[in-house]
Amino acid sequence: MDFFHVLVVLLESTIRVSVPLVFAALAGLFTERAGVFDISLEGKMLGAAFAAGAAAAVSESVWVGLAAAVLVSVLLSLVHGYASITQRGNQIVSGVAINFIVAGATVILGEAWFRQGGRTPALVEGARFQIVNFPGADAIRDVPVLGPIYADLLSGHFLLTYLAFAMVPISWWILFRTRFGLRLRAVGENPGAVDTAGISVIWLRYRAVICCGILCGFAGAYLSLAMTAGFVKGMTAGKGYIALAALIFAKWRPVNVMFACLLFGFLDALAIRLQGAPLPLIGQVPVQLMQALPYILTVVLLAGFIGKAIPPKAGGVPYVKER
Amino acid sequence: MSVPYAKLPGWVEYGLVPLVNLAVAFLVAGLVVLLVGENPLEAAYHLINGAFGRGEYIGFTLYYATTFIFTGLAVAVAFHAGLFNIGGEGQAYVGGIGVALACLWLDKLMPWYVVFPLAMVGSALFGALWAFLPGWLQARRGSHIVITTIMFNFIASSLMVYLLTRVLKPLGSMAPQTRTFAEGGQLPKLDWLLSIFGLNVGTAPFNISFLLALAAAFAVWLLIWRTRLGYEMRTMGHSPSAARYAGIRESRIIVITMMISGGLAGMMALNPIMGEQFRMQLDFVQGAGFVGIAVALMGRSHPAGIIPAAILFGVLYQGGAEIAFEMPSISRDMIVIIQGLVILFAGALENMFRPAIARAFAMRGQRAAALVETKGA
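It should be emphasised that the depicted structure is a prediction, and the values quoted were computed from it without experimental measurement.

Quick word on the overall build of chain B
Turning to step 1, where the next piece is worked out: Within chain B, the secondary structure is distributed over 16 helices and zero strands.
Turning to step 2, where the next piece is worked out: Over its C-alpha trace chain B gives a radius of gyration of 22 Å, about what one expects of a compact globule, namely 21 Å for 377 residues.
Turning to step 3, where the next piece is worked out: Expressed as lengths along the three principal axes of its C-alpha atoms, the size of chain B is roughly 90 × 55 × 40 Å.
Turning to step 4, where the next piece is worked out: Counting over 377 residues, chain B shows a buried share of 54%.
Turning to step 5, where the next piece is worked out: Nonlocal contacts in chain B, meaning residues at least 24 apart in sequence, comprise 77% of its contacts between residues at least 6 apart.
Turning to step 6, where the next piece is worked out: Carbon and sulfur atoms make up 66% of the accessible area of chain B, which totals about 16100 Å².
Turning to step 7, where the next piece is worked out: Within chain B, the 17 negative side-chain charges are centred at a point lying 13 Å from the centre of the 23 positive side-chain charges.

Next up, the structure:
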């Protein structure tokens, strides 16, 4: 029973840390499927987290915070879009730039506006997301096996958590079952054909980039409005890159994205859990190895050793209309 | 990177366009200063004064510049072959192992001029090794170099935390760092170089690795523009298909280029480890690998551009510290914003102002031509 309890706790924290990864990786899915590489997921998430924390602290409303997060993230996406779609600049360079600007700006603005060492003030009750409890969760908790699964694993998360997992089938549906999705994927594989069909490549890519911004906004809002009560500088701590890794690991497919995020979230939860504890057979595993595991796995995958990850064909290439 | 616009005179291409981009980056940075409620002109004054006001400040500026020359060259070499090495951070970090090993082994037995070359080789070797795998994976398995080098940055940082907390840390010490090196592991300062100009270097850690950085810049120029390998690299960067038709072995060039790039990034570790801290600490790279991207973009991947660009970033780092000191509401993170803006305007948006500039020149050219015509008639 003890093992079961540990497992439930572990899976619960897996879900908790996976949520921003799911949002961010799905965000990356939209742009990359449309042929725009985006390594600024990290920066967008951080900017959104800051905007959410700051706006919620001032307005004391969680919804204002969420709106601010989405707004800032979409604006940053549009900067990336302008550089890489309209100006046909290097998408990687643009992404790196956004990550830098946000990393600096969140600290400078946070310090100037709140004077708490780059943090936003701790958020009051109405300014952060509350846990959603399913009906009867407390009553059923003591039922063996089913009780903890229902009460701890399924119930008791934030609204955004459920939204994140709902976004997985929704994204799949948008990308694979709508006309917009078909065109979006086409623009990432063969923009010339889309252009010939009389559809604007530019406008499609901009819409993909905006979708990315909205989802990154949710990811950031989750960090500062749900996971913790307020923004702390650098709080994304590489999650954007893990999301990118998950996206590649999932071979740019929505359902796989969810599983990859859960896997990386699980590794993260396990690393915290195992800190200093020896494992049977293997002995003590350095925490650092556990932390590096998602990155190592991604490299191994990219090398084609566990199946080949083939990115959208037109990814990273700005579209130039035939002259 | 290809330039789909009309050819401009050299001084416009390499002087005016980067300057315009830089000016816009600074203007936007000035807006951020305004947003914080401070005076941008005052900030600019502290920036310049903090970077050049005294011999000591200049020493610090050049100390930072040394680091950025290495990482800037690293990024530039890869750029020439069409590779975007975003892993300078990790390569420099791992390069530190080479420096630390040489110093820990010999610092008590040999003088610095014996340890230095060994540390140099060590740092370049470890940095090159860390770049070898991404290069090899790109060449042989087609994995995207940008993604693998990002992943390798994170792996390097985990590896170094492990090494510094468990392996290289002296017994009984709590701090995650190696022991302090004896005299043999400490580079002499370049105080004599500044005293030629009547400046006193003071406590600034401006050291002999600056000269190595200049030598490396010259070597990179030789390599890229005066050797067959460099020619092949540039061909590949310009047009991979042309390179393939010309019989250039693509995968070989990718691996070699990445190793040279990684080696240069690794040599960056000499400056902070042997030149300033005299021990290897956690996180000694402090983002210099990423600064290298901005430096290479600003310097148009040419050593003659990279050195001034590196000095510019040295100014930003040293002057930025001074701003943070004099104007408490602006922290050093201002540099990070400026850096990002430089990367954005000099890199991703490099063509934003080019059409306008090109048009201005085309008009001037036409007028001159018309003038010649009327005179001829």
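Overview of the interface of chain B and chain A
Turning to step 1, where the next piece is worked out: Taken together, the contact pairs 43 residues of chain B with 43 residues of chain A.
Turning to step 2, where the next piece is worked out: Among the residues of chain B in contact with chain A, Arg141, Met151 and Phe154 of chain B are the three that bury the most area, contributing 16% of the side total.
Turning to step 3, where the next piece is worked out: The interface formed by chain B and chain A holds zero salt bridges in total.
Turning to step 4, where the next piece is worked out: At the boundary of chain B with chain A, the tally comes to one residue pair in polar contact (both at pLDDT 80 or more).
Turning to step 5, where the next piece is worked out: Of all the secondary structure elements, the ones that give two or more residues to the side of chain B that touches chain A are helix 1 (10-35), helix 5 (112-141), helix 6 (145-167), helix 13 (288-298) and helix 15 (333-348) of chain B.
Turning to step 6, where the next piece is worked out: If you tally residues by element for the side of chain B that touches chain A, the top one is helix 6 of chain B, at 13 residues.
Turning to step 7, where the next piece is worked out: Of the residues that constitute the side of chain B that touches chain A, the class distribution is 29 nonpolar, 11 polar and three charged.

Examining the layout of surface pockets
Turning to step 1, where the next piece is worked out: Volume-wise, the second largest pocket comes out at about 1700 Å³.
Turning to step 2, where the next piece is worked out: If you trace the second largest pocket, you find 50 residues lining it, with Glu42, Ala237, Gly238 and Tyr241 of chain A together with Phe154 of chain B closest to the centre.
Turning to step 3, where the next piece is worked out: In terms of residue class, the lining of the second largest pocket is built from 27 nonpolar, 15 polar and eight charged.
Turning to step 4, where the next piece is worked out: There are two domains that each give the lining of the second largest pocket at least three residues, and those are domain 1 (1-38 + 329-376) and domain 2 (58-327) of chain B.

Some points on the environment of Ser77 of chain A
All names here are of chain A.
Turning to step 1, where the next piece is worked out: Mapping Ser77 onto the fold places it in helix 3 (residues 62-86).
Turning to step 2, where the next piece is worked out: In this structure, the C-alpha to C-alpha distance between Ser77 and Val209, residues 132 residues apart in sequence, is 5.9 Å.
Turning to step 3, where the next piece is worked out: Beyond its immediate sequence surroundings of up to four residues, Ser77 is in contact with Lys44, Val209, Cys212 and Gly213.
Turning to step 4, where the next piece is worked out: Engagement of the side chain of Ser77 in a polar contact is seen with the side chain of Lys44, the distance being 3.4 Å.

Thoughts on the packing of aromatic side chains
Turning to step 1, where the next piece is worked out: Applying the stated criterion across every chain, the model contains 20 aromatic pairs over all chains.
Turning to step 2, where the next piece is worked out: These aromatic residues form a ring-pair network of at least three members: Tyr63, Tyr64, Phe68 and Tyr317 of chain B.

Digging into the pattern of salt bridges
Residue and element names in this part refer to chain B.
Turning to step 1, where the next piece is worked out: Inspection of every chain in the model, using the stated rule, returns seven salt bridges over all chains.
Turning to step 2, where the next piece is worked out: Note that Arg179 is salt-bridged to Asp107, the shortest N-O span being 2.9 Å. Here the residue Arg179 occupies a position in the loop between helix 6 and helix 7 (191-196), and Asp107 occupies one in the loop between helix 4 (88-106) and helix 5, the gap between them amounting to 72 residues.
Turning to step 3, where the next piece is worked out: With relative accessibility at 24%, the residue Arg179 sits in the partly exposed group.
Turning to step 4, where the next piece is worked out: Look at Asp107 and you get buried, because its relative accessible area is 3%.
Turning to step 5, where the next piece is worked out: Here Glu250 makes a salt bridge to Arg244, at a shortest N to O gap of 2.9 Å.
Turning to step 6, where the next piece is worked out: On the basis of relative accessibility, which here comes to 25%, the residue Glu250 falls in the partly exposed class.
Turning to step 7, where the next piece is worked out: When salt bridges that share partners are traced, they join Arg300, Glu350 and Arg354 into one network.

Some points on the domain arrangement of chain B
Residue and element names in this part refer to chain B.
Turning to step 1, where the next piece is worked out: When cut into domains, chain B gives domain 1 (1-38 + 329-376) and domain 2 (58-327).
Turning to step 2, where the next piece is worked out: Its C-alpha centre places domain 1 at a distance of 28 Å from the equivalent point of domain 2.
Turning to step 3, where the next piece is worked out: Counting residues at the interface gives 22 residues for domain 1 and 17 residues for domain 2.
Turning to step 4, where the next piece is worked out: Summing both partners gives a buried area of about 1700 Å² for domain 1 against domain 2, and 71% of it is carried by carbon and sulfur.
Turning to step 5, where the next piece is worked out: Where domain 1 packs against domain 2, one counts one salt bridge.
Turning to step 6, where the next piece is worked out: The shortest N-O distance in the salt bridge between Arg300 and Glu350 comes to 3.5 Å.

Parameters at a glance
Residues numbered from 1 in each chain as written. Chains lettered and ligands numbered in written order. Predicted model: local features only at pLDDT ≥ 70, side-chain atom pairs only at ≥ 80, totals over all residues. Heavy atoms only, no water. Helix = DSSP H or I, 4+ residues; strand = E, 2+ residues; numbered from the N terminus. Rg over C-alpha atoms; globule rule 2.2 N^0.38 Å. Buried < 20%, exposed > 50% of the residue type's maximum accessible area, 1.4 Å probe, protein only. Contact = heavy atoms within 4.5 Å. Areas by Shrake-Rupley, 256 points an atom, 1.4 Å probe, with all protein chains shown as cover. Lys, Arg positive; Asp, Glu negative; His and termini not counted. Charge placed at Lys NZ, Arg CZ, Asp CG, Glu CD. Buried area = accessible area lost by both parts, 1.4 Å probe. Salt bridge = Lys/Arg side-chain N within 4 Å of Asp/Glu carboxyl O. Polar contact = N/O pair within 3.5 Å; in protein donor to acceptor, adjacent residues only side chain to side chain. Nonpolar A, V, L, I, M, F, W, Y, C, P; charged D, E, K, R; others polar. 1 Å grid on protein atoms, 1.4 Å probe; cavity = no way out; pocket = protein on both sides within 12 Å on 5 of 7 lines; lining within 4 Å. Points joined across faces, edges and corners; volume = space filled by probe spheres on them. Domains from an automatic or database assignment. Phe/Tyr/Trp six-rings, centres within 6.5 Å; stacked < 30°, edge-to-face > 60°.

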